[in-house]
Amino acid sequence: MKMGFRWYGEGNDSVTLNHIKQIPGVETIVWSLHDVPAGEEWPMEKILEVKKQAEQSGFTIDVVESVNVHEDIKLGLPSRDVYIENYKRTIKKLGKAGVKVICYNFMPVFDWIRTDLFKELEDGSTAMFYEKAEVDQIDPIVLVQRIADNPNYTMSGWEPERLENLTKLFNAYKDIKEEDLMNNLRYFLEAIIPVCEENAIKMAIHPDDPPWPIFGLPRIITSQENIRRVLQLVDSPSNGVTLCSGSLGANPNNDIVNMIREFADRIPFAHVRNVRVYENGDFIETSHRAQDGTVDMVGIMKAYHESGFNGYIRPDHGRHIWDEKCRPGYGLYDRALGIMYLLGIWDSLEQ
Ligand code: CS2
Ligand code: MN
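Now for a quick tour of the structure. Small disclaimer: the values here were computed from a predicted structure and weren't measured.

**Looking at the coordination of the manganese ion (ligand 2)**
Phase 1 of the analysis: Ligation of the manganese ion (ligand 2) by protein atoms is provided by His206 (NE2), Cys244 (SG), His271 (ND1) and Asp316 (OD), these donors lying 2.1 to 2.5 Å from the ion.
Phase 2 of the analysis: Geometry at the manganese ion (ligand 2) is irregular, judged from its six donor atoms and the angles of 49 to 178° they form at the metal.
Phase 3 of the analysis: Mapping the donors of the manganese ion (ligand 2) onto the primary sequence yields the spacing H-x37-C-x26-H-x44-D. With histidine 206 in strand β7 (residues 202-206) and aspartate 316 in the loop between β12 (312-315) and α14 (333-350), this residue pair connects regions lying 110 residues apart in the sequence.
Phase 4 of the analysis: Classification of histidine 206 by relative accessible area gives buried; the value is 11%.

**Here's the deal with the sheet that holds strand β11 (residues 283-285)**
Phase 1 of the analysis: In spatial order, the strands read β5-β6-β11-β10; together these four strands make up an open sheet with antiparallel pairing. Because the sheet does not close on itself, it has two edges, and the strands there are β5 (116-120) and β10 (275-277). For this sheet, the mean angle separating the axes of adjacent strands, direction not counted, is 35°.
Phase 2 of the analysis: As paired strands, strand β6 (residues 126-130) and β11 are joined by two bridges and run antiparallel to one another. Paired with phenylalanine 129 across the two strands is isoleucine 284, which belongs to β11.

**A closer look at the site of ligand 1**
Phase 1 of the analysis: Around ligand 1 sit 17 residues in total, of which Glu65, Ser66, Asn105, Trp112 and Tyr330 are the nearest.
Phase 2 of the analysis: A distance of 3.3 Å separates an oxygen atom of ligand 1 from a polar side-chain atom of aspartate 316.
Phase 3 of the analysis: A distance of 3.0 Å separates an oxygen atom of ligand 1 from a polar atom in the side chain of histidine 317.
Phase 4 of the analysis: When isolated, ligand 1 has an accessible area of 340 Å², and the protein chains bury 99% of it.
Phase 5 of the analysis: The element best represented in the shell around ligand 1 is strand β4 (residues 101-105), accounting for three residues.

**What about the sheet that holds strand β8 (residues 239-244)?**
Phase 1 of the analysis: Spatial ordering of the closed barrel is given by β1-β2-β3-β4-β7-β8-β9-β12, a layout of eight strands whose pairing is parallel. Here the strands of the sheet are splayed against their neighbours by 30° on average, with no regard to which way each runs.
Phase 2 of the analysis: Where strand β2 (residues 26-31) lies against strand β3 (residues 60-65), three bridges are found, and the strand directions are parallel. Bridging from a neighbouring strand, valine 30 pairs with valine 63 of β3.

**Some thoughts on the packing of helix α9 (residues 178-198) against helix α10 (residues 224-233)**
Phase 1 of the analysis: One way to put it is that α9 packs onto α10 with a least axis distance of 9 Å and a crossing angle of 35°. Crossing of α9 against α10: the hand is right-handed. Touching Glu179, Met182, Leu185, Arg186 and Leu189 of α9 are Asn226, Arg229, Val230 and Leu233, all from α10.
Phase 2 of the analysis: Here the residues of the contact of α9 with α10 are counted per class, giving five nonpolar, one polar and three charged.

**Some words on the packing of α10 against helix α12 (residues 256-263)**
Phase 1 of the analysis: It is the contact of α10 with α12, at a shortest axis distance of 11 Å, that shows an interaxial angle of 20°. On the basis of their axis angle, the class for α10 and α12 is roughly parallel. Pair α10 / α12 crosses with right-handed handedness. Touching Gln224, Ile227, Arg228 and Leu231 of α10 are Asn258, Met259, Glu262 and Phe263, all from α12.
Phase 2 of the analysis: Of the residues belonging to the contact of α10 with α12, the class tally is four nonpolar, two polar and two charged.

Each value, and the rule that gives it
Residue positions are given per chain, counting from 1 as you read along its sequence in written order. Labels follow written order: the first chain is A, the first ligand is 1, and so on. Restriction of local features to residues with pLDDT of at least 70 applies here, the model being predicted, together with a cutoff of 80 or more for giving and counting side-chain atom pairs; totals for whole chains, interfaces and linings are based on all residues. By convention in this description, side-chain values take in all heavy atoms of the structure and omit both hydrogens and water. Ligating atoms shown are N, O and S within 2.8 Å of the metal, or 3.2 Å for Na, K and Ca, and water is not included, meaning a site may look less than complete. Geometry is assigned from donor-metal-donor angles: four donors are tetrahedral when every angle falls between 85 and 135 degrees, four are square planar and six octahedral when opposite donors sit over 155 degrees apart with all other angles between 65 and 115, and any other arrangement is irregular. Secondary structure counts use DSSP, requiring at least four H or I residues in a row for a helix and at least two E residues in a row for a strand, with both numbered from the N terminus. Burial classes: relative accessible area under 20% of the type maximum marks a residue as buried, over 50% as exposed, and values in between as partly exposed (1.4 Å probe, protein chains only). We call two strands paired when DSSP finds no fewer than two bridges between them. The axes are straight lines fitted to the C-alpha atoms, using for helices just the contacting stretch, and the angles between their N-to-C directions are given from 0 to 180°. Whether a residue is near a molecule or strand is decided by its heavy atoms; if any one of them lies within 4 Å of it, the residue is near. The definition of a polar contact used here is a pair of N or O atoms within 3.5 Å, where within protein one atom must be able to donate a hydrogen and the other to accept one, and adjacent residues in sequence count solely through side-chain atom pairs. Surface exposure here means Shrake-Rupley accessible area, sampled with a 1.4 Å probe, where a residue is shielded only by the protein chains that are shown. When the near helix sits turned anticlockwise from the far one by under a right angle, the crossing is termed left-handed; a clockwise turn instead gives a right-handed crossing. Pairs of residues are marked as contacts when any of their non-hydrogen atoms sit within 4.5 Å. Amino acids are sorted into nonpolar (Ala, Val, Leu, Ile, Met, Phe, Trp, Tyr, Cys and Pro), charged (Asp, Glu, Lys and Arg) and polar (every other residue, Gly among them). Should an angle fall under 35 degrees it is called roughly parallel, over 145 degrees roughly antiparallel, and 65 to 115 degrees roughly perpendicular, with every other angle called oblique.

The structure is reproduced here in structure tokens:
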């Protein structure tokens, strides 16, 4: 198992490489070129710049999260082929630079959704919260505006350019059903997986967060059954999943331990974090500790250990603690605590 830590890049993150260096056990940064719009080819100089920075601090750049997929690919438009060619070229370059895993997602329009980025927990810390009834009734444009108006609006997946044409995008998705989205994912994978195989890259699709359809948009990476289907679309070790326990765990019907047992050899990258799910369908992100939420954190680490997991793992969203000012969910302190908890479980399993 190799521990990673998500880093948004020089000047783009309140967390520095020097900070990350002081967290025990971190081997790789999990990074991206956040200023390259989805669909464009990544410039080699920029890739090598991050590589140089990481290596100077003793880290590898083995995991990219994410190379975002252009909406035209998800929509299955004729223009997708141009974006797929760009994606392939980016894969080749990342392979050359030594990257091993590319995380991506296939969520229409939005990445992850929350209704409150700084909801107070009992201990005075804050964390990201999802109020189901609110999302079920709110006009998505209003929610997007509210998030955009927030001075801390710096979440990945909420890049302004993605949101500009919201109404247009909603119309484009009007007739896209889950089955269509699955077929468009197949088309994408059939095109890129051979390139990944040649370049020793593993693709790792991130589950939808939350793992159910929102605003009438289809979502497919939601359950054990659907992940099984995705892995079969192209049956190759290069077609894998980023098993995110927090995203999948928002639906208590998802048995994550069982998923790890079934998909073990197709999980190149694991996100391990906790959420607390309420009976009405709301959920809040909590500390990584098992007792603080409803995700079986210890069972999950045990399942990885038992299956001989040797992929990459990272803590995921943390709370905002000790007055830290940071990107929502991506502060230093709580994620560092998360790592120590995960390593503590792991080390005791190694005995
Ligand atoms: C999120 C996502 O849950 C998470 O890890 O931070 O933004 C995630 O990085 C993307 O969905 C992966 O493509
Ligand atoms: Mn995740």
